[in-house]
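The chain contents come next:
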Amino acid sequence: MLLCIDTGNTNTVFALWDGEEFLCTFRTSTEWQRTADQYFVWWSTLLAHHKIEAQIDEVIISSTVPRVVFNLRVMADRYFDTRPYVVGKPDCLLPVPARVDEGTAIGPDRLVNTAGAFDRHGGDLIVVDFGTATTFDVVAEDGAYVGGVIAPGVNLSLEALHQAAAALPHVDITKPQSVIGTNTVDCMQSGVFWGYVGLVNGICERIKGEYDRPMTVVGTGGLAPLFSSGYALFDTIEDDLTMHGLTVIHRFNKDNNT
Ligand SMILES: Nc1ncnc2c1ncn2[C@@H]1O[C@H](COP(=O)(O)OP(=O)(O)O)[C@@H](O)[C@H]1O
Ligand SMILES: CC(C)(COP(=O)(O)O)[C@@H](O)C(=O)NCCC(=O)O
Ligand SMILES: [K+]
């Protein structure tokens, strides 16, 4: 079985792939200090709780936080006796190489989303992922990542308001009842929610304007459904896109004997 690990700047997700389906998906906060032993205790406790028999013999990692990779590698070696594939490293091939400026270190999460979305939909895509940052990945006709957009994440925007302005509280994102807020919290939620609907819509329209073929917009990340409820932003929403992309990249490397 394949253990797929997706480390973002906020959360780290472990998912167990048996070759046909994901048997479980568990989430923990991303902390670079977390040791290999700590990951394993957390993981095996949840497996035992859910009564899942995991026979892991392979591991693939995507991490937007480089420091975390060391301890995840140690975990793969110590507990699963395997050398993991790490997306973005030279010994982990991509189904289609990216076409960007030389020397650019593309976020591995974006390469993984590209592979996952191309596998499901073919090319000419915009993948919008609501993580710590909100990323837009442009996937060309042949499946190459060819660039995109990085915008501040939704929670980051709300947190920045709270941090910078003494009278603004910490609030969670939700869809406001109306645009005109009649109290501070409603005003903040309206600014971020409708501001974000405008941002996603505006950026996708501009990308489509620069790209000379019709495009499909795929939304992913926990907040995609919330934003979609405000406006028809996406052609499809897939919350397992990153994990699917990890299985696609893993299979490609196996098929090519890397
Ligand atoms: N379903 C959800 N509802 C509300 N907030 C969410 C949801 N999913 C994710 N978030 C929040 O969005 C932010 C980014 O989440 P995540 O996708 O885990 O980011 P990353 O991949 O960058 O670690 C976090 O602050 C998280 O709490
Ligand atoms: C843009 C990101 C911070 C998004 O990461 P996340 O929100 O998943 O934590 C990550 O993809 C990254 O660090 N990218 C490097 C620069 C680039 O992709 O061009
Ligand atoms: K992410």
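Conventions and cut-offs
Within each chain, residues carry numbers counting from 1 in the order of the written sequence. For naming, the first written chain is A and the first written ligand is 1, with later ones following in the order written. For a predicted model such as this one, the threshold for reporting local features is a pLDDT of at least 70, and the threshold for listing and counting side-chain atom pairs is 80 or more; totals across whole chains, interfaces and linings nevertheless cover every residue. Excluded from the side-chain calculations are hydrogens and water; all other atoms, namely the structure's heavy atoms, are used. UniProt positions are given in the numbering used here, feature names are shortened, and annotations may be inferred rather than shown by experiment. Working definition: a ring pair exists when centres of Phe, Tyr or Trp rings (six-membered ring for Trp) sit within 6.5 Å. Plane angles under 30 degrees give stacked, over 60 give edge-to-face, the rest tilted. Elements are defined by DSSP. Helices are runs of H or I of four residues or more, strands are runs of E of two residues or more, and each kind is numbered from the N terminus. Only protein chains enter the accessibility calculation, which uses a 1.4 Å probe; a residue is then buried when its area is under 20% of its type maximum, exposed when over 50%, and partly exposed in between. One heavy atom within 4 Å of a molecule or strand makes the whole residue count as near it. The term polar contact refers here to a pair of N or O atoms within 3.5 Å; inside protein, the definition further demands a hydrogen-donor-capable atom paired with an acceptor-capable atom, and it admits residues adjacent in sequence only when both atoms are side-chain atoms. Every accessible area reported is derived by Shrake-Rupley at a probe size of 1.4 Å, with residue values counting cover from the shown protein chains alone. When residues are grouped by polarity, Ala, Val, Leu, Ile, Met, Phe, Trp, Tyr, Cys and Pro land in nonpolar, Asp, Glu, Lys and Arg in charged, and all others, Gly among them, in polar. Note that the domain bounds reflect an automated or database-derived domain assignment. Strand pairing is defined by DSSP finding a minimum of two bridges between the two strands. Residues count as neighbours in contact if any of their non-hydrogen atoms are within 4.5 Å of one another. Axis lines are fitted through C-alpha atoms, for helices just across the contact stretch, and the angle between N-to-C directions can take any value from 0 to 180 degrees.

As recorded by an unreviewed UniProt entry, the protein chain carries the name Type III pantothenate kinase and is attributed to Octadecabacter ascidiaceicola. If you open the UniProt record of the protein chain and go to Sequence similarities (unreviewed entry), you find "Belongs to the type III pantothenate kinase family." Turning to the protein chain, the UniProt annotation filed under Function (unreviewed entry) states: "Catalyzes the phosphorylation of pantothenate (Pan), the first step in CoA biosynthesis."

As for the packing of aromatic side chains
What characterises a pair of aromatic rings is the spacing of the ring centres plus the angle enclosed by the ring planes. In the structure shown here, the tally under the stated rule is 13 aromatic pairs. Their ring planes at 45° and their centres at 6.4 Å tell us that F130 and Y196 sit as a pair that is tilted. Separated by 66 residues along the polypeptide, F130 in strand β6 (residues 125-130) and Y196 in helix α5 (residues 184-210) bring together distant segments of the chain. With centroids separated by 5.2 Å and ring planes inclined at 15°, the aromatic side chains of F193 and F227 adopt a geometry described as stacked. Separated by 34 residues along the polypeptide, F193 in helix α5 and F227 in helix α6 (residues 224-228) bring together distant segments of the chain. The same class applies to F193 as to F227, namely buried.

What about the site of ligand 2?
As a matter of local geometry, ligand 2 sits amid 13 residues, with N9, G107, D109, R110 and A133 nearest to it. In this structure, R110 approaches ligand 2 through a side-chain N or O atom, which is 2.9 Å from an oxygen atom. The fraction of the free accessible surface of ligand 2 (460 Å²) that becomes covered by protein chains is 76%. The set of elements that each furnish at least two residues to the shell around ligand 2 consists of α3 (108-121) and β7 (133-139). Residues of the shell around ligand 2, tallied by class, amount to four nonpolar, seven polar and two charged. Counting residues domain by domain, the shell around ligand 2 receives three or more from each of domain 1 (2-86) and domain 2 (109-245).

Description of the sheet that holds strand β10 (residues 236-237)
Spatial strand order, β8-β7-β6-β9-β10: five strands in an open sheet with mixed pairing. Strands with a single pairing partner mark the edges of an open sheet, and in this sheet they are β8 (145-152) and β10. Pairing between strand β9 (residues 216-220) and β10: two bridges, direction parallel. Paired with V218 across the two strands is T236, which belongs to β10. Sitting on the sheet, α3 is in contact with β6, β7, β8, β9 and β10, with an inclination near 50° to β7.

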